[in-house]
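Here's the letter readout for the chains.
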Amino acid sequence: TLPGLPRVSPTLGNNFVINADITSTSWMKPLLNIPLDIHSPLTLNARLDDSRKDITLNARLDEFSYSDNIYRNTAIAMSSPLDTLHLDASVDKLMGNGDTMQLGASCAAAGNRLLSSLRWNNGEAKKKLSGELNATASFFGNGNGNNSASIAINPSYINIGDKKWNMVASGIQYSPKNISIDKFKIEHGQQYIHVNGKASDKISDSLRIDLRAVDVD
């Protein structure tokens, strides 16, 4: 199981289908203190069959606001083929300057591993910003009751204006009060950002960041 989730014994009796149109979330604010308002019906279709290890969920919502931020065109699809939980999600966020940031995620979880791909694109904005971040994370206990994670950054990219910055393969190790970064690199031609080292509560550890010809404006 992923860290933070308790181990549970499998239950083989659940078998149901849910089809719902939710038209209001006003009850969530006083009851759960969740600042969510939906501006159109939320369509939800779900199926759970323990005997076949089958979970399917599809949800769509045209527009909602969360903490006064506006989101549109939300779509979520979840399934569980071959004992692997798959999730695809997309949403458009309306930015303060009027631009729309298109956000997307594709994830697959099995055992203690999580494969993920995160995407963003601000469409027709004057200053182009888009990219894709791909990673594989493995979660484990370190023997003293704390959870740790090993994250492999897979080849990814970021587009800023007309420049494409490539993110090469690198590794990140995380445990409480300790993060190690191994050869994290973002590069565009002769320009680059390199991060390497360890950050912890030990004064002997250090994190080195090297920049070359990077305009931070």
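Residues numbered from 1 in each chain as written. Predicted model: local features only at pLDDT ≥ 70, side-chain atom pairs only at ≥ 80, totals over all residues. Heavy atoms only, no water.

A. Looking closely at the packing of aromatic side chains. For the coordinates displayed, the defined rule picks out one aromatic pair. Ring plane angle 10° and centroid distance 5.0 Å describe the contact between Phe64 and Tyr71, whose orientation is recorded as stacked. A residue is classified by how much of its surface remains accessible, and Tyr71, at 16% relative accessible area, is buried. We note Lys164 situated over the ring of Tyr157; from NZ or CZ to the ring centre the distance is 4.8 Å. (Phe/Tyr/Trp six-rings, centres within 6.5 Å; stacked < 30°, edge-to-face > 60°. Buried < 20%, exposed > 50% of the residue type's maximum accessible area, 1.4 Å probe, protein only. Lys NZ or Arg CZ within 6 Å of the ring centre and 35° of its normal.)

B. Examining the environment of Asp182 more closely. With respect to the helices and strands, the residue Asp182 is situated in strand β13 (residues 178–188). Of the residues examined, Asp182 reaches a relative accessible area of 45% and is grouped as partly exposed. Between the C-alpha atom of Asp182 and that of Gly171, which follows or precedes it by 11 residues, the distance is 5.1 Å. If we skip the residues at most four places from it in the chain, Asp182 touches Ser170, Gly171 and Asn196. (Helix = DSSP H or I, 4+ residues; strand = E, 2+ residues; numbered from the N terminus. Contact = heavy atoms within 4.5 Å.)

C. The arrangement of the pattern of salt bridges in detail. Summed over the entire model, instances satisfying the criterion amount to three salt bridges. Close ionic contact of Asp54 with Arg47 constitutes a salt bridge, the shortest N to O distance being 2.9 Å. Glu63 is paired through a salt bridge with Arg72; the nearest N and O atoms lie 2.9 Å apart. Here Arg72 falls in the partly exposed class, since its relative accessible area comes to 36%. (Salt bridge = Lys/Arg side-chain N within 4 Å of Asp/Glu carboxyl O.)

D. Spatial organisation of a nonpolar patch on the surface. On the surface, a nonpolar cluster with roughly 350 Å² of combined accessible area is contributed by Trp27, Leu31 and Leu32. Summarising the element assignment, Trp27 is placed in the loop between β1 (15–22) and α1 (28–32). We classify Trp27 as partly exposed; its relative accessible area is 45%. (Patch = residues over 30% accessible without salt bridge, like charges linked within 9 Å, V, L, I, M, F, W, Y side chains within 5 Å. Areas by Shrake-Rupley, 256 points an atom, 1.4 Å probe, with all protein chains shown as cover.)

By themselves, these figures tell us nothing about what the structure is for.
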